[in-house]
Each structure stands twice: as structure tokens, then as C-alpha cells.
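Fold and geometry: a report
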Amino acid sequence: MSTAMLTYLFVGASFALYIGIAIWSRAGTTKEFYVAGGGVHPIANGMATAADWMSAASFISMAGIIAFLGYDGSVYLLGWTGGYVLLALLLAPYLRKFGQFTVPDFIGERYYSKAARIVAVICLIFISFTYVAGQMRGVGIVFSRFLEVDITTGVIVGMAVVFVYAVLGGMKGITYTQVAQYCVLIFAYMVPAIFISLLITGNPVPQLGLGATVADGSGLSVLAKLDKTLLDLGFSPYTEGSKATIDIFAITMALMVGTAGLPHVIVRFFTVPKVSDARVSAGYALIFIALLYTTAPAVAAFARLNFIETINNTAYSEAPGWFKNWEDIGLIGWVDKNEDGIIQYAAGAAFQGSPSYTGADGENGERVLTNAQTDSSNEVYADRDIFVLANPEIASLPGWVIALVAAGGLAAALSTAAGLLLVVSTSISHDLLKKTLMPGITDRQELFYARIAAAVAIGVAGYLGINPPGFVAQVVAFAFGLAAASLFPAILMGIFVKRMNKEGAIAGMLTGLLFTFAYIVFFKFVSPELNSSENWLFGISPEGIGSIGMVLNFLVAFSVSRMTSAPPAHVQDLVDDIRVPSGAGVAHQH
Amino acid sequence: MSGSGTNGTPDGDGPENSYHHEGGNLPTHGSHDDETLREDVVRLYWRANLKLLGGLLVIWFVVSFGFSILFVDALNQYAFFGFKLGFWWAQQGSIYVFVALIFVYVVQMKRIERRFGVDDD
């Protein structure tokens, strides 16, 4: 069977599975729709959390980013796993004991304030839509490359599948499809990684292969060879960073804390039966996540090595098929600067910006570019997003592995998109309508509004996927920075600082939010030409500024709460209650 | 570091102690009713929890921000199974420690909760 046929088969079979699960697990009540009835087994919830968390960014982009950044890419590995320690130790068990449906629920009740609830809803919607736009781009890339349909069709198919299981099944449907999606995506990630590790080092375990000796007789380890190859081409060594230590520190902190504060991850821990289940479930989630996250750096190093060896000093006419395939969809560009018909790869950008093609073919059959050339001798532009997807082709693996990767990438993107859309729809139907604007509605009406909100949210997400705003990549820093600067401190203080009152919490959230927002907007949109380390506050980039926003949030919250009155007795009793595990019912109506 | 606002005061609750102990300065020995007894148990439980949390978060901080970031250059002088040691902590080792930390917390918390009779079984 051809690779395209296999891809249709794998993707079709996985979609059929997700829809089958959705029909089997339809939600009948708001409790099933919001928290899957509160009866999910901790291991199943761990898998669902892993799929919920590992997005198109983790599956498709992360290894590619690490391949380019080397040591500096560690911020993503550390940040996106270390946050689970904070989640398991500081947030998840207490929020489970609190036992309601949403993150704004907790903030609204703990700070006895509709204003606090609304601030939390705004943060949540902003964070979630930023994130969803990235997922839909991932769906579009996979469809356009592997199924040879245009991005619009791909996004519509993806939306339709998410629509079926998110609108019908709510959290219940999403939970069980995410379990299936985790299995698909981890299998799809590990199989090519194991093959490539075997090919390059002879060791089947990628985590060990990364430190093993390359099987080419050179006697060098993978990382030593990569350092040497990159130095020869004028890059800095792979294992040494080029970012300032303070910036690495701040980015890692913002990503860790932001991860712990992401609403779509937090709500997963509302679905397990008991407080102790929330802790153990976070542990399982991190095991399932760590499987991919410890493999990714190996995939990154192998891919970089393979890419250089396959491409550099190869005649364009003899370049492998994948090079031209990715050039066709605009993620690779080649400009023959010295007109020798041979591809030269070196440090520095080949040309300015991302490729824009004239539509004509050049002398060697390459797509001619209109971009202004740079002085560097590098002739190749390669988008970082292609590395995981192209890796099986670069290593000449069989067609079924390539098909598997396509199904895995879609599983990663769809599972995260569904989780995000659910928290958006519940925060609208539950926090905005039921708790703020229309307190009189019945459970049935609330469920109806939740479904409408989910459908509308899917429509908006699809629109963002088909017409991606040019700034998607620019605003990813927003999601983590804002979660770190606003939601995380408010939740943490709500549990650990009984004296924290609504004045302190709201002032803290707004300070963190506005400071982080203003800093990112200033350097990314208002004055992008100033976006370099000499102009940054303490040398911290917009990606890491959420950690300063978090510190400001704490400082302002403590100062304001000292000057204002203590929270009322029933709120202090609530704090006492969530600190003690015994007596947690299932998530309840209120 | 996190939750630092609570660690400074002896019972982690700050000034609102008086709320729990209205009339608490009276000679209460022997007049502890069940409710204040339970409050004491809960306070001891919470203190044990904070102590455990503090210890685990120190390890969390040392492996990630210490070994992987602040001291990475120093550790890179040493080789470790084909890796530079600092690089290994940043891209592999820390993640394994994170997993271990959560499971240590799960097991230890279960023990603490049983000891104070506040577990959820």
C-alpha cells in the first residue's frame, strides 16, 4: 500500500475510534459534562491529562525547537514537566477537595467576589484561545502535508470530529477519547524514535541513544559529534547555551508556574473520585508525559544530525523526496547563492523572513524565492515544525511509520483543542451565565448553554485555524506568562494563605496581568525593533516576564491584604476544609 | 519558596489564630472539647504537610534551577554516560527526579494522613 493510502487508513481508523468512544460516553447531566461525573480512575485520568497537556506544540514543534536551540531548548523540557510537581504538591489535591467545576469557581468562592470570578474567566478565555489557535495550525499542517487536502478542508474535518465528542460528551467524552489519543500519540512518537536511535547508535532506547556512540566508526558520542559538526558549519556547540542565564532561569520559571496554572490542565483533577487520587493521578500524568519529554531531546539531536548529513553538500537534483515535498508546502526554501546546484547548509539565516515564492521554478527545479538574500553562506531555510514530521522520511523509515506519525500529530492537536474548548465553554455556561448573569436557570438549561458555548468556541477555533492571525507564534508567550502572573498566585494563596482576602487577590491578579500583558505587547507589537536583551528589564525576555509578573502579584496581594480586613468566617472555614483530605464527596452541585 | 507567606508563622495561619481560640487564654487544660482537639490535630497535620512540601520543593529547585541552569557550566566539566553532566540534568535527569518527587509525596502524605486520621479512605 502507498504511504498516502496508509495515512488515510490510520487517520480514518483513529477518527472512527474517537467518535465511537464519544457516542458510548454521552453526557446526561452538567456534572458529567463538566467533570465526567467525578469517577475517573487515576491512571485513566493520568493518560487523559497527558494527552490534554501534550499539544501540537509538544508533539510536532518541541523536538524541532530543541534541535535548533540545543541546550537553550531545555527551558521547554524543564518548564513543561517541572510544573507538574507544583501542580501535584501545591494545587491539585486542594482543588479536588474544594470539589466544584471550574477554576473561576474556586477563585470566585474563595475570594467571595463576582469581580474576582470575572477576572479569572477573562484570563482563562484569553489563555485558552491563544493556545487553541496553535492546535488548529498543527491540524492544518498535518492534513496539508500527509493527506494532500488543503488546510481549510483539514481544519473543517478536525472541527467536525472535536464537535462530535466535545459537544455530545463534554468532559466525559473528552476524557475517554483523550485516553485513546494518548495511546495513539505516544506510540506514534516512540516508534520512529526507536528506529532512528537504532539506526544511528545501535541502541533501541532513545534516552540512552542520546548519550551513546555514533555507529559510523568515528568513536564520537552523538552529542560530541553534533557539537563538532555544528562548530565546523559555524554554529555554536549544541550542548552550550547562547541565552543569558538569568533569561533561561526566568523563562523556565514562567513555563513551570504557567503550566501549573493552566485551567484546562487543572480541571482534569476535578474528575477523580478522591483527594489522594488527584495526587497519584498527577504522578501518573507526569510519567506518561515524561516518556515523550525524555525522548524528545534524543529525537532533536538525531534529527539535527540526520538533516545536516543528508542535505549539506548534496546536489539539489539528488535531494531526497521529502525535501521537495516540504518545499512544495512552503516550509523549506533553498536559494543557490553560489550557483553550483549543490545545497550548502551553514550558520545564519539564508534569507530574510519566511519563504515567499515567485511561482516560477529555478534552474535546478527549485521554487524561486523573492526574499532578500543575506550575506551568510547558508542556502537553506527549514521551518522548525517539520522536524518531527519529516524525521521518519529523513531516516528512510517505512511508509506505515510515516502514516503513524500523521495520526499521532492529529491526536495530540485534537486532544488538546478539545480540552481547551471545554474549559472555555464551561466557564461561559457555568461562571458567566449560571453564577453571574442568569442564576435562575435549571441544570438542563445550563447543559444546553454549555453545548451551545462549546459549539461556538469550536467555530471560533476553526476560524483561527483557517485564517491564522500572523501573530500566533508571537502570542504563545502570553498563555504561560498570563497563567503564571495571574491564576497561579491567586489559587496558591487561596489555599496556603488563609488571611488573603478579595482586595489583595484581585489587586494582585490585575497587577500581574497588566504588567505581563503590557511588557509582551510592548516588545512584540509596539516596538519589536527594541526586542533585544539590552532593552529588557533585568535582561528578561517577553517569554520569561511572567515570572516577574508572578512576583509582583504576590507582593501586591500581600501588601493590599495587610491593609484591608480579613476574609469572612465562612471563607476561612472553607480554607480549613480544603486543607484536609477527609470528607471529600464527589464534585457537587451548588 | 512557594507559599512562603505561610511558612514564617508557627502554624501557617498568621494573625487569625485568635479566630480559632476565642477565649483561648483561659485555662483550657482539661476543657478541650472534641472540636478544639480536632483543630489541634488538623494544625499538626498541616504543619507536617508543609514540612514535607518544603523539603520536596527544595529538591525540585536544586535539580532544575540549580543543576540544570545556575551550575550547568560547572557540571558540564564532568562526563556522565556520554553526556556532559549539566546537559544531562537539563534534558533528562531533572525530569526523572520530578516524577520521583510526586510519588514520594503521594506515599508520604498517605502516611501523614493516616497518622492524623484525616485520610480519605
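It should be emphasised that the depicted structure is a prediction, and the values quoted were computed from it without experimental measurement.

The next point concerns the overall build of chain A. A tally of helices and strands in chain A yields 21 helices and six strands. Its C-alpha atoms put chain A at 80 × 55 × 45 Å along the principal axes. The 590 residues of chain A split such that 64% are buried. Of the roughly 18,800 Å² of accessible surface on chain A, 64% is carried by carbon and sulfur atoms. Here chain A contributes 31 positive and 38 negative side-chain charges, whose respective centroids are spaced 18 Å apart.

Contacts between the two partners involve 61 residues from chain A, matched on the other side by 55 residues from chain B. Between chain A and chain B the total buried area reaches about 4,900 Å² when both faces are included, carbon and sulfur atoms providing 70% of it. Counting the contacts that link chain A with chain B gives eleven residue pairs in polar contact (both at pLDDT 80 or more). Counting only elements with at least two residues in the side of chain A that touches chain B, the list comes to helix H5 (74-98), helix H10 (222-232), helix H11 (245-260), helix H13 (275-311), helix H18 (472-496), helix H20 (546-563) and helix H21 (569-579) of chain A. For the side of chain A that touches chain B, the element with the most residues is H13(A), which contributes 13 residues.

So, on to the domain arrangement of chain A. Residues and elements named next belong to chain A. Here the domain parsing of chain A yields domain 1 (3-306 + 397-579) and domain 2 (307-387). Each of domain 1 and domain 2 has a C-alpha centre, and the two are 33 Å apart. Counting residues at the interface gives 20 residues for domain 1 and 17 residues for domain 2. Counting each side, the surface lost to burial between domain 1 and domain 2 is near 1,800 Å², with a carbon and sulfur contribution of 59%. Of all residues in domain 1, Phe-68, Arg-145 and Leu-233 give up the largest surface area on contact with domain 2, accounting jointly for 32% of the area buried on that side. Inspection of the region where domain 1 meets domain 2 yields one salt bridge.

With respect to the helices, strands and loops of the structure, A:Asn312 is situated in the loop between H13 and strand E1 (314-315). It is 35 Å that separates the C-alpha atoms of A:Asn312 and A:Gly544, two residues lying 232 residues apart in sequence.

Residues and elements named next belong to chain A. Judged from the two bridges that link them, strand E4 (residues 357-361) and strand E5 (residues 367-369) form a sheet pairing that is antiparallel. The residue bridging Tyr-357 from the neighbouring strand is Leu-369, located in E5. Remark: five residues form the turn of the hairpin made by E4 and E5, two consecutive strands paired antiparallel; Gly-365 in that turn has positive phi of roughly 95°.

Attention now goes to the confidence of the model for chain A. Residue and element names in this part refer to chain A. Averaged over all residues, the pLDDT of chain A is 85; the fraction at 70 or higher stands at 97%. Taken element by element, chain A is modelled with least confidence in helix H2 (residues 30-35), mean pLDDT 79, and with most confidence in H20, mean pLDDT 95. Scored below 50 in pLDDT, residues 584-590 shows 27 contacts in the model against residues more than four places distant or in partner chains.

Our focus in this paragraph is helix H8 (residues 151-201) of chain A. With 51 residues, H8(A) should reach 75 Å at 1.5 Å per residue; the first-to-last C-alpha distance of 37 Å falls well below that figure. Positive phi shows up at A:Gly202, right after H8(A), with a value of about 80°.

We now examine the side chain of A:Thr49. Its place among the elements puts A:Thr49 in helix H3 (residues 42-53). In this view, A:Thr49 contacts A:Tyr84, A:Val265, A:Arg268, A:Phe269 and A:Ala285; residues no more than four positions away in its chain are not counted.

The subject of this paragraph is a nonpolar patch on the surface. On the surface, A:Phe448, A:Ile452, A:Val456 and A:Val460 cluster together into a nonpolar patch covering about 350 Å² of accessible area. Judged by relative accessible area, A:Val456 falls into the exposed class, the value being 51%.

In the structure, helix H5 (residues 85-116) of chain B departs most strongly from a straight axis at B:Gln92, where the bend amounts to approximately 50°. At the exit of H5(B) stands B:Gly117, carrying a positive phi of roughly 65°.

Further remarks concern the nonpolar core. Residue and element names in this part refer to chain A. Trp-53, Leu-91 and Ile-107 are the most contacted members of the largest nonpolar core, which totals 241 residues. By residue number, the principal contributor to this core is H8, which donates 22 residues. Of the domains in this structure, domain 1 (3-306 + 397-579) and domain 2 (307-387) are the two that each give at least three residues to this core. Ignoring sequence-local partners within four residues, the contact set of Trp-53 consists of Ser-58, Trp-80, Tyr-84, Tyr-131, Thr-259, Leu-262, Val-265, Ile-289, Tyr-293, Thr-416 and Phe-480. Formed by five residues, the second largest nonpolar core is a distinct cluster that contains Val-335, Ala-350, Phe-351 and Leu-369.

Counting across every chain of the model gives 40 aromatic pairs over all chains. Ring centres of A:Phe249 and B:Phe65 lie 4.6 Å apart, and the angle between their planes is 50°; this geometry places the pair in the tilted category. Of the two residues, A:Phe249 is situated in helix H11 and B:Phe65 in helix H3 (residues 34-70); the pairing between them involves two chains. Geometrically, the ring pair formed by B:Phe61 and B:Phe65 is stacked, given 5.1 Å between the ring centres and 25° between the ring planes. With B:Phe61 and B:Phe65 both in helix H3 and four residues apart, the pair spans about one turn of that helix. Residue B:Phe61 is classed as partly exposed on the basis of its relative accessible area, which comes to 26%. Three or more aromatic residues link up through ring pairs in this structure, and these residues are A:Phe235, A:Phe307, A:Tyr316, A:Trp322, A:Phe323, A:Trp334 and A:Tyr345. Above the plane of the ring of A:Phe235 lies A:Arg304, whose end atom (NZ or CZ) is 4.8 Å from the centre. When the ring centre of A:Tyr316 is taken as reference, the NZ or CZ atom of A:Lys324 above it lies at 5.1 Å.

Cut-offs and rules
- Residues numbered from 1 in each chain as written.
- Chains lettered and ligands numbered in written order.
- Predicted model: local features only at pLDDT ≥ 70, side-chain atom pairs only at ≥ 80, totals over all residues.
- Heavy atoms only, no water.
- Helix = DSSP H or I, 4+ residues; strand = E, 2+ residues; numbered from the N terminus.
- Buried < 20%, exposed > 50% of the residue type's maximum accessible area, 1.4 Å probe, protein only.
- Areas by Shrake-Rupley, 256 points an atom, 1.4 Å probe, with all protein chains shown as cover.
- Lys, Arg positive; Asp, Glu negative; His and termini not counted.
- Charge placed at Lys NZ, Arg CZ, Asp CG, Glu CD.
- Contact = heavy atoms within 4.5 Å.
- Buried area = accessible area lost by both parts, 1.4 Å probe.
- Polar contact = N/O pair within 3.5 Å; in protein donor to acceptor, adjacent residues only side chain to side chain.
- Domains from an automatic or database assignment.
- Salt bridge = Lys/Arg side-chain N within 4 Å of Asp/Glu carboxyl O.
- Pairing = 2+ DSSP bridges.
- pLDDT = per-residue confidence, 0-100.
- Expected span 1.5 Å × (residues − 1).
- Patch = residues over 30% accessible without salt bridge, like charges linked within 9 Å, V, L, I, M, F, W, Y side chains within 5 Å.
- Bend = angle between axes of the 7 residues up to and from the residue.
- Core = buried A, V, L, I, M, F, W, Y, C linked by side-chain atoms within 4.5 Å.
- Phe/Tyr/Trp six-rings, centres within 6.5 Å; stacked < 30°, edge-to-face > 60°.
- Lys NZ or Arg CZ within 6 Å of the ring centre and 35° of its normal.

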